Amino acid sequence: MPGERILVADDEHGVREMCLRTLRRVGYEADGVGSGSEAIERARQAPYDLFLTDLRMPDTTGLEAYQVIHEEQPEMVAVVMTGFGTMESAIDALRLGVSEFVLKPFRTVELVQAVERALSKQRLRRENARLKALIPLFDLSRTFMSSVDLDTVPQQVVQIARQELGADTASLMLLDEHSDLTI
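Computed from a predicted model, the values in this text were never measured in an experiment. (Residues numbered from 1 in each chain as written. Predicted model: local features only at pLDDT ≥ 70, side-chain atom pairs only at ≥ 80, totals over all residues. Heavy atoms only, no water.)

## Considerations on the nonpolar core
When a protein is soluble and globular, its nonpolar side chains tend to lie buried together.
Then, in step 1: Counting residues in each nonpolar core, the largest one holds 21 residues, and the members touching the most others are I6, C19, L23, L50, L52, F106 and V115.
Then, in step 2: Secondary structure elements with two or more residues in this core: β1 (5-9), α1 (13-25), β3 (50-54), β4 (77-82) and α5 (108-146).
Then, in step 3: Of all hydrophobic cores here, the second largest spans 19 residues; its members include L7, Y48, Y66 and M76. (Core = buried A, V, L, I, M, F, W, Y, C linked by side-chain atoms within 4.5 Å. Buried < 20%, exposed > 50% of the residue type's maximum accessible area, 1.4 Å probe, protein only. Helix = DSSP H or I, 4+ residues; strand = E, 2+ residues; numbered from the N terminus.)

Here you go:
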């Protein structure tokens, strides 16, 4: 979904500028930096949806920068660009949660496709988490709609709350405004 924010880190000025032009042309907000340490600093100043990084840079590798940034922005996904792809670097990248690889030299369409796939995966994870969070509300709603015995509703509310919070015990205090009695 264009409009998402992308941080591009590549020490090669020409590659970085080509990536920025390409991403902006298809509707993304893209910022570029020339090193891993600059990427870390820029990411601390503003949130990004995706980190597009060169694997090898002089001061900090793209994976090292992503590891630091990802700790502070865990929702951010990454796409790694490299001309030096090895099995070891691919395994390290996968362990860190890198979504996609683009091998240099690449065409702009390959770059856009990799970015779109990574962001699509991120959107699906967010939607999945949102839907999982709604399940307890659905269960509670279903309980309310199907209960004819009002005495069991508070017990079911407490049970669902206890399960969702992972608590060992839970209780509910009901106040009747016309009486001093609490249940």
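## Comments concerning the pattern of salt bridges
Then, in step 1: The tally for this structure, following the rule as stated, stands at 10 salt bridges.
Then, in step 2: A salt bridge links R44 to E72, with the shortest nitrogen-to-oxygen separation between them at 3.0 Å. Placement of the pair is R44 in helix α2 (residues 36-45) and E72 in helix α3 (residues 62-72), with a sequence separation of 28 residues.
Then, in step 3: With relative accessibility at 46%, the residue R44 sits in the partly exposed group.
Then, in step 4: One salt bridge in this structure joins R117 and E100, with 3.0 Å as the shortest N-O distance. Of this pair, R117 sits in helix α5 while E100 sits in strand β5 (residues 100-103), and the two are 17 residues apart along the sequence.
Then, in step 5: Look at E100 and you get buried, because its relative accessible area is 11%.
Then, in step 6: Among the ionic contacts, a cluster of salt bridges with common partners joins D10, E12, D54 and K104. (Salt bridge = Lys/Arg side-chain N within 4 Å of Asp/Glu carboxyl O.)

## Structural notes on a negative patch on the surface
Then, in step 1: On the surface, D11, E38, D59 and E64 cluster together into a negatively charged patch.
Then, in step 2: In this fold, D11 is placed in the loop between β1 and α1. (Patch = residues over 30% accessible without salt bridge, like charges linked within 9 Å, V, L, I, M, F, W, Y side chains within 5 Å. Areas by Shrake-Rupley, 256 points an atom, 1.4 Å probe, with all protein chains shown as cover. Lys, Arg positive; Asp, Glu negative; His and termini not counted. Charge placed at Lys NZ, Arg CZ, Asp CG, Glu CD.)

## Notes on the pairing of β1
Then, in step 1: Where burial is concerned, most of β1 is hidden: 4 out of the 5 residues are buried.
Then, in step 2: Sheet topology places β1 next to strand β2 (residues 29-33); 5 bridges connect them, and they run parallel. Looking at the pairing, L7 lines up with D31 of β2.
Then, in step 3: One crossover worth recording links β1 to the parallel β2 by way of α1, and it is right-handed.
Then, in step 4: Of the pairings in the sheet, the one linking β1 to β3 comprises 4 bridges and is parallel in character. (Pairing = 2+ DSSP bridges. Right-handed = clockwise from strand over helix to strand, strands pointing away.)

## Details of helix α6 (residues 152-165)
Then, in step 1: With 14 residues, α6 extends 20 Å from end C-alpha to end C-alpha; this agrees with the ideal 20 Å at 1.5 Å per step.
Then, in step 2: Buried within α6 are the following residues: V153, V158 and I160. The arc enclosing the buried residues of α6, seen along the axis, measures out at 165°, which places them on a common side.
Then, in step 3: Following α6 by one or two positions, G166 has its phi on the positive side, about 70°. (Expected span 1.5 Å × (residues − 1). Arc of directions from axis to C-beta.)

## Digging into the side chain of D10
Then, in step 1: Secondary-structure assignment places D10 in the loop between β1 and α1.
Then, in step 2: Discounting chain neighbours no more than four positions away, the residues touching D10 are V15, R16, V33, G34, D54, M57, M81 and K104. (Contact = heavy atoms within 4.5 Å.)

## Remarks on the packing of aromatic side chains
Aromatic ring pairs are reported here in terms of the distance separating the ring centres and the angle at which the planes meet.
Then, in step 1: Summed over all chains, the structure comprises 1 aromatic pair.
Then, in step 2: Aromatic pair F51 and Y66: ring centres 6.4 Å apart, planes at 15°, arrangement stacked. Pair noted here: F51 is in strand β3 and Y66 is in helix α3, with a separation of 15 residues, a long-range link.
Then, in step 3: In this arrangement the basic side chain of R5 is found over the ring face of Y48, its NZ or CZ atom lying 4.4 Å from the centre. (Phe/Tyr/Trp six-rings, centres within 6.5 Å; stacked < 30°, edge-to-face > 60°. Lys NZ or Arg CZ within 6 Å of the ring centre and 35° of its normal.)

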